[in-house]
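Notes for the structure review
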Amino acid sequence: MTLDAFTAFCKSLPQSTYVCQWGGSHVWKIGGKVYAIAGDDNGEITGVSFKVTPIAFHILKEQPGCRGAPHLASRGMKWIQRTSAETMSDDELLTYLRDSYRLVAAGLTKKLQKELGLSPAVPKGFPS
């Protein structure tokens, strides 16, 4: 996946904000909370990390081209880093990024969800 495609997708999600931090990582947030982190080399994504459900974490961490996201999974957080398209296509990655966005948005306070215009579009729990 190209950095441009990743950026365009994340930018399309409502109230999504971007910051470059942590040594040049491309970080996307909703309500100030991170939902996606990507590194790149000359415009090509080298790795992208995103939040997942506990079940997805258990399954994905064992798949070729995926692993527990460094610095996040090691702290008990359910984050996966996709390092190659070996078992997760770009289309599947976009689905996981959308789910990560929804998981993080669902964890925001109800007040913040309402301020961002997300409530009641983001129900508590895992949205479909």
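Look a little higher up for the structure.
Right, let's walk through the structure included here.

Another point: the pairing of strand E2 (residues 25-30). Counting buried residues along E2, six of its six residues qualify, which places the element largely inside the surrounding structure. In E2, alternate side chains face the same way, and those of Ser25, Val27 and Lys29 on one face and His26, Trp28 and Ile30 on the other are all buried. Pairing of strand E1 (residues 16-21) with E2, which is carried by six bridges, proceeds in the antiparallel orientation. Residue serine 16 lies in a different strand from E2, and its bridge partner there is isoleucine 30. Turn length for the E1-E2 hairpin, with the two strands adjacent in sequence and antiparallel, is three residues, and the turn residue tryptophan 22 shows positive phi of about 55°. Across five bridges, the pairing between E2 and strand E3 (residues 33-41) is antiparallel. From the neighbouring strand, lysine 29 faces E3, where its bridge partner is valine 34. Counting the residues in the hairpin turn of E2 and E3 gives two residues, including glycine 31, whose phi is positive at 60°.

With that out of the way, let us pick up the sheet that holds strand E6 (residues 79-82). One open sheet holds the six strands; their spatial order is E1-E2-E3-E4-E6-E5, and the pairing between them is antiparallel. Pairing within the sheet leaves two strands with one partner each, and these edge strands are E1 and strand E5 (66-68). Neighbour to neighbour, the strand axes of the sheet diverge by 25° on average, direction disregarded. The sheet strands contacting helix H1 (residues 3-12) are E1, E2, E3 and strand E4 (44-51), and the helix crosses E2 at an angle near 15°.

On inspection of all chains with the given rule, the structure shows zero disulfides. The cysteine cysteine 10 is free of any disulfide, with cysteine 20 supplying the nearest cysteine sulfur at 14 Å. Looking at cysteine 10, the relative accessible area reads 0%, which means it is buried.

In this section: the nonpolar core. Grouped together as the largest cluster of nonpolar side chains are 29 residues, with contacts concentrated most on Phe6, Ile30, Tyr35 and Leu97. Those elements that provide at least two residues to this core are H1, E2, E3, E4, helix H2 (54-60) and helix H3 (90-106). Ranked by the residues each element gives to this core, the list is headed by H3, at five residues. In terms of nonpolar packing, the next biggest core, distinct from the first, is built from six residues, Val27, Val34, Ile37 and Leu72 among them.

Conventions used here
- Residues numbered from 1 in each chain as written.
- Predicted model: local features only at pLDDT ≥ 70, side-chain atom pairs only at ≥ 80, totals over all residues.
- Heavy atoms only, no water.
- Buried < 20%, exposed > 50% of the residue type's maximum accessible area, 1.4 Å probe, protein only.
- Helix = DSSP H or I, 4+ residues; strand = E, 2+ residues; numbered from the N terminus.
- Pairing = 2+ DSSP bridges.
- Axes fitted to C-alpha atoms, helices over the stretch in contact; angles between N-to-C directions.
- Contact = heavy atoms within 4.5 Å.
- Disulfide = S-S within 2.5 Å.
- Core = buried A, V, L, I, M, F, W, Y, C linked by side-chain atoms within 4.5 Å.

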